[in-house]
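Chain and residue survey
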Amino acid sequence: MKKDTEVNMMHGAGGEVMGELLVTLTAFKHNNAGGIGLESLDDGSTFEIGGKTIVLTTDSHVVKPIFFPGGDIGRVAVSGTINDLSVMGARPVALTCAMVIEEGFPIADLEKIVASMDEALGEAGAAIITGDTKVVEKGSLDGIVINTAGVGVVDEDSYLIRDKALAPGDKIIVSGTLGDHGLAIVAHREGFDLGDQLKSDVAPLYTMIAGAVRAAPKGAVHAMKDPTRGGFAACINEMARKAGVKVVVDQESVPIRESVASAGGLLGIDPLQVANEGKCVMGIAAEAADAVLAALRSHPLGKNAAVIGEVVEGSGVVMRTRIGGERFIEPPMGDPVPRVC
Amino acid sequence: MRCGRIIVRGIVQGVGFRPFVYAAAVRFGIAGTVINHGSEVEITACGDRFDAFCREVSAGPKMAVVDSVTVEPLPEEAVVGDGFSILPSADGARTGFIPADIATCDACLADIMNPASRYYGYWATSCTDCGPRYSIIHAVPYDRERTAMDVFPPCGDCSAEYESPQSRRHHAQTIACSSCGPKLSLLTASGGEVATDDPIRTAAELLDAGHIVAVRGVGGYHICCIEEEAGRLKQLLGRPHQSLAVMMRPESLKEYVVPPTDAEREMLKGPVHPIMILDKVDPVSHTELSELHNLGVMLPYTGLHHLLFGHLNHPLLVMTSANAPGTPMITETSYISERMGTVAEYILSHDREIVNRCDDSVVRDGYIIRLSRGLAPLRTAMDLGDRQILGVGPELNANATIYKGGFVVTSPHIGNIRNPPTVAYLEETIAKLCSLTGAKPEIIAHDLHPQFLSTRLAHALAEESGAVLCPVQHHCAHIASVTTEEVVGIAIDGVGYGTDATIWGGEILTGSPADGYVRTGHLEQVLMPGGDLATKFPERMLYGILPDDATLSLLAERGWDAVSLRVLAQTVTKRFNSPATTSTGRVLDAAAALLGVCRERTYDGEPSMVLEAYAARGTPQPLEVRIASGSGGADVLLTSEILRDVRGRLACGMGTADAAATIQTALAKGIAELAVRSAERTGIRTAALSGGVAINRSIRETILAELARAEIPCLINPQYPFGDGCISCGQVVTAGVLAQEGKI
Ligand SMILES: [Fe+3]
Ligand SMILES: [Mg+2]
Ligand SMILES: [Zn+2]
Ligand SMILES: [Zn+2]
């Protein structure tokens, strides 16, 4: 395919096309401060201070609609950053908050957003300690953009977890049902009346993840990532590719809510290809899988956690289907293109 | 006395070329030698009747394909002794190719049935005219040590026949008998041996008693049972509606199908022995075998089949390839008990390795539907220049094609390239074609669809080898597979990624591969609500074409719930996940949905096949089609109006069969009209037809008749399928033409 000369919406969809744009945007020569740097494209990056590993991450949030069943842009902004720190094994300590607001945005909505951010901070035990605000002319953006950056620290009883260290033999665990956020947003935004109530899963995962990491011997969690944009499909493909391994997922054991599956069925959308905002994907040493799973399930956010597959030699991500067939789980490409003859 | 060196190029391996030359030399009193270089046979000859000998060998034996014959003087130092001898094979330039597997010939069949013959009852009897070829070869030149027969050293009798110039099996690489050759065994589903002195007879008894038996054939496993068990088999396979191919004795044909034409009969019992789709005597009979008006039949094509039918009391056996739909045919016995253990109760196996998998070929109305056993690898002479080219094919019904040094070579059918085993099989097949032809592709052509796994494979292969990539639009490849001339191309198809990033499939493409094609006509653009979901549930497609209240109430009557209906309507109004398409297949899907004859697609092409089966019993009523003007001046056939019109007639009591026939005929006439207009506008007075919809007899014949009426001859490539089995070839042809033009 021809390389694009201008940025288009496909570049933001989290699929393969976005990868092309990232090549341009990560062309920094100064990209590493003595730890994990920008070149790793991990959930966050690290540097050392006083013998402690500090994790730093940042994320800008635009969500349409701003308020949706199960949450709002504020909860997404805080949870996203906290989750990026948490999946690296860090404890979120402090966040920043920068808001770019369109002229005419209701103050009452801002109040609701701030309250919701505060609630999420409380759930994770973190704080927003600095911020910035810009107001732009009407029409120059759609409502509001919220950027949060976060600093976390890797505590003594935890350890730094990457997204690239899956090893053959590992069990793949997801912390709960997949596709909830993406389908809730789509249905709500487009005004689909699906009968069933779809709700976003947006939540800060720190306490759940911390419990799971500590439930197994140090180092047993080989890799972890949060399946946000591009969904589980993009996330697991990235993990497999970075580790140079193949992941085999068992269709039967992938937790998907009935309402999400049927909404996906009505709209022709694969729940594995849409965003989650309150889930993590882990690669665990096989012998530690039971302990980690039990710890996850004991937390309210991890009730539906499940072992869904395993890591083997090879490449790519394959789903064993109910009827004994196999198919690839492919990273989404932005818009799906029909391919059935 | 005259001497010379004769070089014969072409498919000269595996066809008994050297023994043929030997016999001629003896007959014409020629002294000298013959050697097989893999792709050419080199004959050194001296004798008084040199010219006559030359003429004789230039024709080649029955199964050979001779591309060229050159005769040159012998070098000074050449010494020709007395007599004639066959020299061992040498490695040479691989412009020739290995022939496809050949059905057991009449002479071998007579041996198998003759109690006095040492081949009596031997299942793997073959000669230089018949037997496995492609399916057993590891490498060229084709000699026993480079085939699966290597592990069966011939016994004294077989060696003697192999050496004897008088024998039909002189230098037959597959020669074997019951004492030295591959052996059969009968196993239970779990792999345990069944005690029997005659595995074939016992298998026939088990089949007669209603058991399902997996039978290892030439290119893979079949799952077999008698007609009475067909329904159970379909349930077990999870294919409740798909037709099953059957094998029967020639004398049983008349009970089931209308008599084939002479040409069809020749093909049925010729070297290919394909599955032939023939109309049933009674269109609504034998529904467990086929719910359609036709049935896929083949005749026994190996010694094993002939012996099996010798013992069988039932007139026919269901013989469906053992695999999940779209995945590669199973070749390994361990795999069959693992994967088909819940389906097959017994396994009739043999110990001859299947090196290269090969499904049965499928033919209908003389046109190839699936290019495979007996037909492929298919080799065609065509000058596409000096560069070597690989075409990786599309995604569904795919195969691969290589071009090297004046020849286009296409692999047997591979399947749907969308699951890991089939992708692996495509990769294997490409490697095999490259090794057999000695090609190192410098250009890799692939489909324009960005998400096809074959496209990704092309990228990966190009990265590895440094080859240049050449994306080819799907329907341009369809037309290029027919001709490189300037034509009005008619591509009627399921789905192809268009150059405007929408989904094409009902296109008039005018031009040539060298100068490109202009989309001078197409079907109306309609929506596919839910994307690929609309192909699975044709009623979605109906609403995509006729998004109105009448469709909604029709669907409500059929039991759609309120939520689903509302979401379907919203999907279309908002154009949410509803890509636009001009596909012909989708119009036929929608027609099947309108008539209520197919509500869920359970196998590839089901809605349009069911529609065709109904149409075959109906009479088309006149229907005026409308053609509008689209963007860029293209003519647009308003397919929604055809369906709306027929919907009105259904409400007034038109019968299902007549409605089906009316839609098909109107659509075909409309497509022909698009082509005629393009021909008139551009002055290009030749058409070319391709695309899977052309398999539909009534649509194809209507288009051809309309074109003939307008005095526009229409080209068809009879060597390639109308469907996507021609795409890899079209890709290679396009890339080759562009390379020659200096555009790649
Ligand atoms: Fe096609
Ligand atoms: Mg992340
Ligand atoms: Zn023979
Ligand atoms: Zn023998």
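Note that the structure is a prediction, hence the values are computed from the model and not measured.

Turning our eyes to something else, we now look at the overall build of chain B. Secondary structure assignment for chain B yields 23 helices and 30 strands. Against the globule reference of 27 Å for 744 residues, chain B gives a C-alpha radius of gyration of 27 Å, in line with a compact fold. Taken over the C-alpha atoms alone, chain B extends approximately 90 × 65 × 50 Å along its principal axes. Looking at chain B residue by residue over its 744 residues, the buried ones come to 64%. Across chain B, contacts joining residues at least 24 apart in sequence account for 72% of those joining residues at least 6 apart. Per element, the accessible surface of chain B, about 26100 Å² overall, is 51% carbon and sulfur. In chain B, 62 side chains carry a positive charge and 85 a negative one; their mean positions are 2 Å apart.

Our focus in this paragraph is the environment of Asn32(A). Residues and elements named next belong to chain A. Looking at the secondary structure, you find Asn32 in the loop between helix H1 (16-25) and strand S1 (45-49). Residue Asn32 is classed as partly exposed on the basis of its relative accessible area, which comes to 40%. Put simply, Asn32 and Asp4 are 28 residues apart on the chain and 29 Å apart in space, counted from C-alpha to C-alpha. Ignoring sequence-local partners within four residues, the contact set of Asn32 consists of Gly37 and Glu39.

What follows covers the interface of chain A and chain B. Contacts between chain A and chain B engage 29 residues on the former and 37 residues on the latter. Here chain A meets chain B over a buried area of about 3100 Å², counting both sides, of which 59% is carbon and sulfur. Counting every contact that joins chain A to chain B gives two salt bridges. Asp193(A) is the partner of Arg566(B) in a salt bridge, and the nearest nitrogen-oxygen pair spans 2.8 Å. For the interface between chain A and chain B, the tally reads eight residue pairs in polar contact (both at pLDDT 80 or more). Where the side of chain A that touches chain B is concerned, the elements lending two or more residues are helix H4 (180-190), helix H7 (258-267) and strand S14 (326-328) of chain A. Here the residues of the side of chain A that touches chain B are counted per class, giving 16 nonpolar, five polar and eight charged.

Now for the UniProt feature "domain: PurM-like N-terminal" (unreviewed entry) in chain A. Within this structure's numbering, the places UniProt gives as "domain: PurM-like N-terminal" (unreviewed entry) are residues 42-154 of chain A. Counted over residues 42-154 of chain A, helix gives 28% and strand 45%. Its end C-alpha atoms are 16 Å apart.

Let's shift gears to the coordination of the iron ion (ligand 1). Residue and element names in this part refer to chain B. The iron ion (ligand 1) binds to the protein through His474 (NE2), His478 (NE2), Asp493 (OD), Asp493 (OD) and Asp724 (OD), with metal-donor distances spanning 1.9 to 2.6 Å. When the donor residues of the iron ion (ligand 1) are listed from N- to C-terminus, their spacing reads H-x3-H-x14-D-x230-D. Residue His474 and its partner His478 are located together in helix H13 (residues 474-480), separated by four residues, close to a single helical turn.

Turning our attention to the nonpolar core. Residue and element names in this part refer to chain B. Of all hydrophobic cores here, the largest spans 68 residues; its most connected members are Ile223, Leu233, Val246, Val297, Val318, Ile336 and Met340. Looking at this core element by element, the count peaks at eight residues for helix H23 (residues 727-740). Ignoring sequence-local partners within four residues, the contact set of Val318 consists of Ile223, Cys224, Cys225, Ile226, Ala230, Leu233, Leu244, Ala245, Val246 and Leu289. Grouped together as the second largest cluster of nonpolar side chains are 60 residues, Cys54, Ile86, Cys105 and Ile444 included.

With that settled, the discussion passes to the state of the cysteines. Inspection of every chain in the model, using the stated rule, returns one disulfide over all chains. Free cysteine: Cys729(B), not disulfide-bonded; nearest cysteine sulfur from Cys726(B) at 7.2 Å.

This paragraph deals with the coordination of the magnesium ion (ligand 2). All names here are of chain A. The protein atoms that coordinate the magnesium ion (ligand 2) are Asp43 (OD), Asp84 (OD) and Asp226 (OD), at distances spanning 2.2 to 2.4 Å. Expressed as a motif, the donor residue spacing for the magnesium ion (ligand 2) is D-x40-D-x141-D. Linking Asp43 in the loop between H1 and S1 with Asp226 in the loop between strand S9 (221-225) and helix H6 (231-243), this pair joins segments that are 183 residues apart in sequence.

For the rest of this paragraph, the subject is the sheet that holds strand S8 (residues 221-225) of chain B. All names here are of chain B. Reading across the sheet, the 10 strands line up as S6-S13-S7-S8-S12-S9-S11-S10-S14-S15 and stay open at both edges, with mixed pairing between neighbours. Each edge of the sheet is formed by a strand with only one pairing partner; in this case those strands are strand S6 (184-188) and strand S15 (367-370). Across the sheet, the axes of successive neighbouring strands diverge by a mean angle of 35 degrees, strand direction being ignored. Of the strand pairs in this sheet, strand S7 (residues 213-216) and strand S13 (residues 346-350) are connected by three bridges, and their pairing is parallel. Across the sheet, Val215 pairs through a bridge with Leu348, a residue of S13.

Residue and element names in this part refer to chain B. An order of S16-S19-S18-S17-S20-S21 is seen for the six strands of this open sheet, with the pairing classed as mixed. Sheet topology places strand S16 (378-381) and strand S21 (468-472) at the edges, where each strand pairs with a single neighbour. Going across the sheet, the axis of each strand differs from the next one's by a mean of 20 degrees, ignoring polarity. Where strand S18 (residues 401-404) and strand S19 (residues 407-410) come together, four bridges link them in antiparallel fashion. When the bridges of S19 are listed, Lys404 appears paired with Phe407. Of the strands in this sheet, strand S17 (389-391), S18 and S19 are in contact with helix H11 (residues 420-437), which crosses S18 at around 25 degrees.

All names here are of chain B. Between its first and last C-alpha atoms H23 spans 20 Å; for 14 residues at 1.5 Å apiece the expected length is 20 Å, and the two agree. For H23, a buried count of 13 out of 14 residues is recorded, marking the element as mostly surrounded by other parts of the structure. Looking one or two places after H23, you find Gly742, whose phi comes out positive at around 75 degrees.

A word on the packing of helix H3 (residues 106-113) of chain B against helix H9 (residues 303-311) of chain B. Residues and elements named next belong to chain B. One can describe the packing of H3 onto H9 by two numbers: an axis separation of 11 Å at closest approach and a directional angle of 45 degrees. When the interaxial angle is binned, H3 and H9 end up oblique. For the crossing formed where H3 meets H9, the hand is right-handed. Counting all contacts with H3, which are made through Leu109, Ile112 and Met113, the residues of H9 involved are Gly303, His306 and Leu307. The residue inventory of the contact of H3 with H9, partitioned by class, reads four nonpolar, two polar and no charged.

Before going further, it helps to examine the domain arrangement of chain A. Accessible area lost upon the coming together of the parts is a frequently used measure of interface size. All names here are of chain A. Structurally, chain A comprises domain 1 (9-153) and domain 2 (171-328). The C-alpha-based centres of domain 1 and domain 2 are spaced at 21 Å. In this assembly, 31 residues from domain 1 lie in contact with 26 residues from domain 2. Taken together, the two surfaces of domain 1 and domain 2 that pack against each other cover about 2200 Å², and 60% of this comes from carbon and sulfur. Summed over the three residues of domain 1 that lose the most area to domain 2, namely Pro69, Asn83 and Val87, the buried surface amounts to 26% of that side. Counting every contact that joins domain 1 to domain 2 gives one salt bridge. Taken together, the links from domain 1 to domain 2 amount to eight residue pairs in polar contact (both at pLDDT 80 or more).

Residues and elements named next belong to chain A. A surface patch of nonpolar side chains, amounting to about 260 Å² of accessible area, comprises Phe28, Leu38 and Leu41. If you trace the backbone, Leu38 turns up in the loop between H1 and S1. Taking the relative accessible area as the measure of exposure, Leu38 reaches 32% and is therefore partly exposed.

A separate point is the UniProt feature "domain: Acylphosphatase-like" (unreviewed entry) in chain B. The sites that carry the UniProt feature "domain: Acylphosphatase-like" (unreviewed entry) are, in the present numbering, residues 3-88 of chain B. End C-alpha to end C-alpha, residues 3-88 of chain B measures 22 Å, and it is 26% helix and 40% strand.

A separate point is the packing of aromatic side chains. All names here are of chain B. Going through the model one piece at a time under the given rule, you end up with six aromatic pairs over all chains. Ring geometry for Phe53 versus Phe84: centroids 6.4 Å apart, planes at 65 degrees, classification edge-to-face. Here Phe53 is found in helix H2 (residues 50-59), whereas its partner Phe84 is found in strand S5 (residues 84-86), with 31 residues between them in sequence. Phe84 sits in the buried class, given a relative accessible area of 11%. Ring centres 4.9 Å apart and planes at 50 degrees place the aromatic pair Tyr367 and Phe722 in the tilted group.

Moving on, we come to the pairing of S15(B). With three bridges connecting them, strand S14 (residues 362-364) of chain B and S15(B) associate as antiparallel partners. Within S15(B), the residue paired with Arg364(B) across the bridge is Tyr367(B).

Relative to the helices and strands, Asp549(B) is located in helix H16 (residues 549-557). Linking Asp549(B) and Val526(B), residues 23 residues apart in sequence, is a C-alpha distance of 17 Å.

Reading the values: rules and limits
Residues numbered from 1 in each chain as written. Chains lettered and ligands numbered in written order. Predicted model: local features only at pLDDT ≥ 70, side-chain atom pairs only at ≥ 80, totals over all residues. Heavy atoms only, no water. Helix = DSSP H or I, 4+ residues; strand = E, 2+ residues; numbered from the N terminus. Rg over C-alpha atoms; globule rule 2.2 N^0.38 Å. Buried < 20%, exposed > 50% of the residue type's maximum accessible area, 1.4 Å probe, protein only. Contact = heavy atoms within 4.5 Å. Areas by Shrake-Rupley, 256 points an atom, 1.4 Å probe, with all protein chains shown as cover. Lys, Arg positive; Asp, Glu negative; His and termini not counted. Charge placed at Lys NZ, Arg CZ, Asp CG, Glu CD. Buried area = accessible area lost by both parts, 1.4 Å probe. Salt bridge = Lys/Arg side-chain N within 4 Å of Asp/Glu carboxyl O. Polar contact = N/O pair within 3.5 Å; in protein donor to acceptor, adjacent residues only side chain to side chain. Nonpolar A, V, L, I, M, F, W, Y, C, P; charged D, E, K, R; others polar. UniProt positions renumbered as here; feature names shortened; annotations may be inferred. Donors = N, O, S within 2.8 Å, 3.2 Å for Na, K, Ca; no water. Core = buried A, V, L, I, M, F, W, Y, C linked by side-chain atoms within 4.5 Å. Disulfide = S-S within 2.5 Å. Pairing = 2+ DSSP bridges. Axes fitted to C-alpha atoms, helices over the stretch in contact; angles between N-to-C directions. Expected span 1.5 Å × (residues − 1). Parallel < 35°, antiparallel > 145°, perpendicular 65-115°, else oblique. Left-handed = near helix turned anticlockwise from the far one by under 90°. Domains from an automatic or database assignment. Patch = residues over 30% accessible without salt bridge, like charges linked within 9 Å, V, L, I, M, F, W, Y side chains within 5 Å. Phe/Tyr/Trp six-rings, centres within 6.5 Å; stacked < 30°, edge-to-face > 60°.

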